[in-house]
Amino acid sequence: MLAQHDAILFGAIGDPSVPDKVTVHELLLPMRRRYDQYVNLRPAYLFAGVPCPLVGKAPGAIDMLVYRENTEGEYAPVGGNLYPATDSEVAIQTSVFTRRGCERILRAAFDAARKRPRKTLTSVTKSNALVYGMGLWDQAYEAVRKDYPDVKSNSLLVDACAMDFVRRPEAFDVVVASNLFGDILTDLSAAVTGSIGLASSANINPTKQFPSMFEPVHGSAPDIAGKGIANPLAAVLSAALMLDHLGLTAGAAAVRAAVAEVLGGGKVKTPDLGGTATTSQMGDAVVAAIG
Ligand code: IPM
Ligand code: MG
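Numbering of residues starts from 1 in each chain and follows the order in which that chain's sequence is written. To label them, take the chains in the order written and letter them from A, then take the ligands in the order written and number them from 1. Totals for whole chains, interfaces and linings use all residues, but because this is a predicted model, local features are given only for residues with pLDDT of at least 70 and pairs of side-chain atoms are given and counted only at 80 or more. Heavy atoms throughout the structure, all of them, feed into the side-chain values; hydrogens and water do not.

**Remarks on the sheet that holds strand E6 (residues 120-125)**
Pairing in this open sheet of eight strands is mixed, and the strands run E1-E10-E9-E2-E3-E8-E6-E7 from one edge to the other. The sheet is open, and its two borders are formed by strand E1 (7-9) and strand E7 (152-157), each paired with just one other strand. Averaged over all pairs of adjacent strands, the angle between strand axes in this sheet comes to 20 degrees, irrespective of strand direction. The sheet contact formed by strand E3 (residues 63-69) and strand E8 (residues 174-177) spans four bridges and is parallel. Bridge assignment links Leu65 to a residue of E8, and that residue is Val174. Docked against the sheet, helix H1 (residues 20-34) engages E1, strand E2 (39-45), E3, strand E9 (200-204) and strand E10 (212-216), running at close to 140 degrees with respect to E10. When DSSP locates at least two bridges between a pair of strands, those strands are taken to pair. Elements are defined by DSSP. Helices are runs of H or I of four residues or more, strands are runs of E of two residues or more, and each kind is numbered from the N terminus. Axes, fitted as lines to C-alpha atoms, cover a helix only where it is in contact. Angles between the N-to-C directions of the axes lie from 0 to 180 degrees. Throughout, a contact is declared for two residues whenever any of their heavy atoms are within 4.5 Å.

**Things to note about the site of ligand 1**
The immediate surroundings of ligand 1 are formed by Val24, Arg32, Arg42, Arg68, Tyr75 and Asp183. The term polar contact refers here to a pair of N or O atoms within 3.5 Å; inside protein, the definition further demands a hydrogen-donor-capable atom paired with an acceptor-capable atom, and it admits residues adjacent in sequence only when both atoms are side-chain atoms. Take Arg68: an N or O atom from its side chain is 2.9 Å from an oxygen atom of ligand 1. Separating an oxygen atom of ligand 1 from a side-chain N or O atom of Asp183 is a distance of 2.8 Å. For ligand 1, whose accessible area on its own is 320 Å², the fraction buried by protein is 73%. Here the residues of the shell around ligand 1 are counted per class, giving two nonpolar, no polar and four charged. Here a residue is considered near a molecule or strand provided that any single heavy atom belonging to it is located within 4 Å of it. Only the protein chains shown count as covering a residue, and every accessible area follows the Shrake-Rupley method with a 1.4 Å probe. As a working rule, the residues Ala, Val, Leu, Ile, Met, Phe, Trp, Tyr, Cys and Pro are called nonpolar, Asp, Glu, Lys and Arg charged, and the rest polar, with Gly in that last group.

**Here we look at the packing of helix H6 (residues 233-245) against helix H7 (residues 249-265)**
Across the interface, H6 lies against H7 with an axial gap of 7 Å and an inter-helix angle of 155 degrees. Relative to H7, H6 is oriented roughly antiparallel. As for how H6 packs across H7, the hand of that crossing is left-handed. Taking contact as the criterion, the partners of Leu233, Val236, Leu237, Ala240, Leu241, Leu243 and Asp244 in H6 are, on H7, Thr249, Gly251, Ala252, Val255, Arg256, Val259 and Leu263. Taken together, the residues that form the contact of H6 with H7 break down as 10 nonpolar, two polar and two charged. Comment on the angle field: the value is read as roughly parallel under 35 degrees, roughly antiparallel over 145, roughly perpendicular from 65 to 115, and oblique elsewhere. Take the far helix as the reference: if the near one is turned anticlockwise from it by less than a right angle, the crossing is left-handed, and if turned clockwise, right-handed.

**Quick notes on helix H4 (residues 158-167)**
The classification of residues rests on relative accessible area computed with a 1.4 Å probe and restricted to protein chains. Under 20% of the type maximum is buried, over 50% is exposed, and intermediate values are partly exposed. Listing the buried residues of H4 in full gives Val158, Cys161, Asp164 and Phe165. Angularly, the buried residues of H4 cover 115 degrees about the axis, an arc narrow enough to put them on a single face. Contacts made by the buried residues of H4 are with E3, E6, E7, E8 and helix H5 (179-192). Our arc is simply the arc of the directions from the helix axis toward the C-beta atoms.

Pasting the structure below:
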């Protein structure tokens, strides 16, 4: 059914009563892989009016795009268990890094960096410890960067990168990372820009052979489910990324401007932003701002 469509707008799914085997391994990750959505784009922007947990950061000072590899790496469903539930149990979980897989996400990130004012890219690695997979990642990075002499690029170990996301997040422009590193770093980039309730993402198949999927970075937040207090803006900003992908750039800009206006106004805030507004009130405020 999904394959017939240009895009998928995906709400947060999951429930404590449904095992990850179903929601993650039979739905979410297969969509990303089967539709070859190899670019997982996750912007992190510090909006005016949003309290930042780091002191002294001006609105807009944190403005990065994280490009996360989305089809292979540490998430490859390769491995197994031997002698399960015995003292001899063995678990094998294999990462899969391919030259093609590394090169294409790096290229997508460099293309994005080239279009941004700062033209700066950071490649996240851990080849000092993970010599084979991350070694190939680094080789791909060295090869691809030669095609982008106009982009200032550097390679950074993931642990140092995590530290610098907190210590000096304003230094980052475009960040490109493997599947797992990108997963972890984008919870951190969401936190330093105020709330995971604002973090949007796009799972993109750049060839448009298959649909791309747009989803908030957060999950279904079962602890607040049904209370009507979830921040809808991560989903709204994901819809803006979808409009961009569909070529409806004026619409995307209008949605983003409306979100910025509501946040900047500081009147309507869901509890994650320190306010008391409900999900609907926040949504209504954005609709009114667009109008
Ligand atoms: C995300 C989520 C997923 C991921 C989980 C639900 C498997 O954390 O989209 O960041 O790790 O990709
Ligand atoms: Mg995650």
